[in-house]
Amino acid sequence: SSSSSSLASSIMRSKKGGYRFHYDCAALIVTANQKDYGNNIADCACALENMMIMGNDLNIGTCWINQLKWLNEDPEVDAILVQLPLPEHICEQTIIEAIVREKDVDGFHPLNVVSLWQGEKCIVPCTPKGIMRLLKEAKLDLAGKRAVVVGRGNIVGKPTAALLLRENATVTITHTFTQNLKNYTLSADVLLVAVGRKHLITADMVKPGAIVIDVGLYRDEQGKVWGGVDFEHVKEVASYITPVPGGVGPMTIAMLMENTIECYIHNINKQH
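Fair warning: this is a prediction, and the values are worked out from it, not measured in the lab.

Rules used in this analysis
Residue positions are given per chain, counted from 1 along the sequence in the order it is written. This being a predicted model, a pLDDT of at least 70 is required before a residue's local features are given, and a value of 80 or more before pairs of side-chain atoms are given or counted; all residues contribute to the totals for chains, interfaces and linings. For side-chain calculations, the full set of non-hydrogen atoms in the structure is used, while hydrogens and water are omitted. By definition, a salt bridge exists where a carboxyl oxygen of Asp or Glu is found within 4 Å of a side-chain nitrogen of Lys or Arg. Runs of E in the DSSP output that reach at least two residues are strands. Runs of H or I that reach at least four are helices, and both are numbered from the N terminus. We call a residue buried when its accessible area falls under 20% of the maximum for its residue type, exposed when it is over 50%, and partly exposed in between, using a 1.4 Å probe and counting protein chains only. What the arc describes is the spread of directions from the helix axis to the C-beta atoms. Contacts between residues were defined by any pair of non-hydrogen atoms, one from each residue, lying within 4.5 Å. For this analysis, a polar contact is any N or O atom pair within 3.5 Å, provided that within protein one partner can donate a hydrogen and the other can accept it, and provided that sequence-adjacent residues contribute only side-chain to side-chain pairs. To obtain an axis, a line is fitted to C-alpha atoms, over the contacting stretch when the element is a helix, and the angle between two such axes runs from 0 to 180 degrees between their N-to-C directions. Roughly parallel means an angle under 35 degrees; roughly antiparallel means over 145; roughly perpendicular covers 65 to 115; every other angle is labelled oblique. Each residue gets one of three labels, nonpolar for Ala, Val, Leu, Ile, Met, Phe, Trp, Tyr, Cys and Pro, charged for Asp, Glu, Lys and Arg, and polar for the others, Gly among them. Like-charged residues within 9 Å of one another, or nonpolar side chains (Val, Leu, Ile, Met, Phe, Trp, Tyr) within 5 Å, are grouped into patches, provided each residue has over 30% relative accessible area and no salt bridge. Per-residue and other accessible areas follow the Shrake-Rupley method at a 1.4 Å probe size, with only the shown protein chains counted as cover for residues.

(A) Main features of the pattern of salt bridges. Counting across every chain of the model gives six salt bridges. Residue Glu262 is joined to Lys129 by a salt bridge in which the shortest nitrogen-to-oxygen separation is 3.0 Å. Placement of Glu262 in helix H10 (residues 248-271) and of Lys129 in helix H6 (residues 126-137) is noted, with a sequence separation of 133 residues between them. Its relative accessible area of 32% is what places Glu262 among the partly exposed residues. Arg133 is the partner of Glu258 in a salt bridge, and the nearest nitrogen-oxygen pair spans 2.8 Å.

Okay, here's the thing in structure tokens:
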């Protein structure tokens, strides 16, 4: 893609600058029971390789805290990505907080989250960043538009809401306990759906001409992936719509690469 080519060029320019002669390094940490996320993990690993970034695929077990401490202190490691969700016996927040914010390529560290909501420079979570890049590339003016976010998760819903606010959209966040969801979605100029429920949003719930971003992910018993939006019917109503799979997902990977470069640049600047 053009995004990947641009990022690859950025890496080569950085290397030619004489800062460092080895690969940029991103540590991809996974756990043994994350089979359901195999495709995502493979995509991340493949993208790292294609972008000429060395990926360390690590399996964290009982010694995860020591592993993270080593990665934090290793000057050869620029970025750390922990594949979520983690097994129930491991506290995700503890893991996230154990990563130094400068190597937190996912942008989930509390200090990065605070900076995001305060409008300060920080590492922006990959999927929300990819969503905003899609909207920007489509040259869509969000100022004054009503944006409705379906889903209040920390990975997509909340950070995307913060980014939409930065663009002067009027943002409403809905969730599982929201009553009369349809009343909210019908008012949306921009509708972001980030729920793991197949076809929660149907055509009668979408305002004609609305921009619909589907980040929902539901995998059925046959392993087929579905979005949170009934794409085939909603596409007849919306002005713009993203499919699942193949919509926001590739942008997430591209933004992971971009964030890795940002971590790399911060690391080499710190060393010089």
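From this point, the narrative continues.
(B) Up close: helix H5 (residues 110-117). All of the buried residues in H5 are Asn112, Ser115 and Leu116. The arc that holds the buried residues of H5, viewed along the axis, is 105°, so those residues lie on one side. Packing partners of the buried residues in H5 comprise helix H7 (157-166). Phi turns positive one or two residues past the end of H5, at Gly119, with a value near 75°.

(C) Examining the side chain of Thr160 more closely. Mapped onto the elements, Thr160 comes out in helix H7. At a separation of 2.6 Å, a polar atom in the side chain of Thr160 contacts the main-chain carbonyl oxygen of Val156. Setting aside residues up to four positions removed in sequence, Thr160 forms contacts with Pro128, Ile131 and Leu192.

(D) Examining the packing of H5 against H7 more closely. At a minimum axis distance of 9 Å, the contact between H5 and H7 shows a crossing angle of 30°. Judged by the inter-axis angle, H5 sits roughly parallel to H7. Seen from H5, the contacting residues are Ser115, Leu116 and Trp117; seen from H7, they are Lys158, Pro159, Ala161, Ala162, Leu163, Leu165 and Arg166. When its residues are assigned to classes, the contact of H5 with H7 shows seven nonpolar, one polar and two charged.

(E) Representation of a nonpolar patch on the surface in the model. A cluster of nonpolar side chains, Val113, Trp117 and Leu165, forms an exposed patch at the surface whose accessible area comes to about 270 Å². Its place among the elements puts Trp117 in helix H5. What makes Trp117 partly exposed here is its relative accessible area of 44%.

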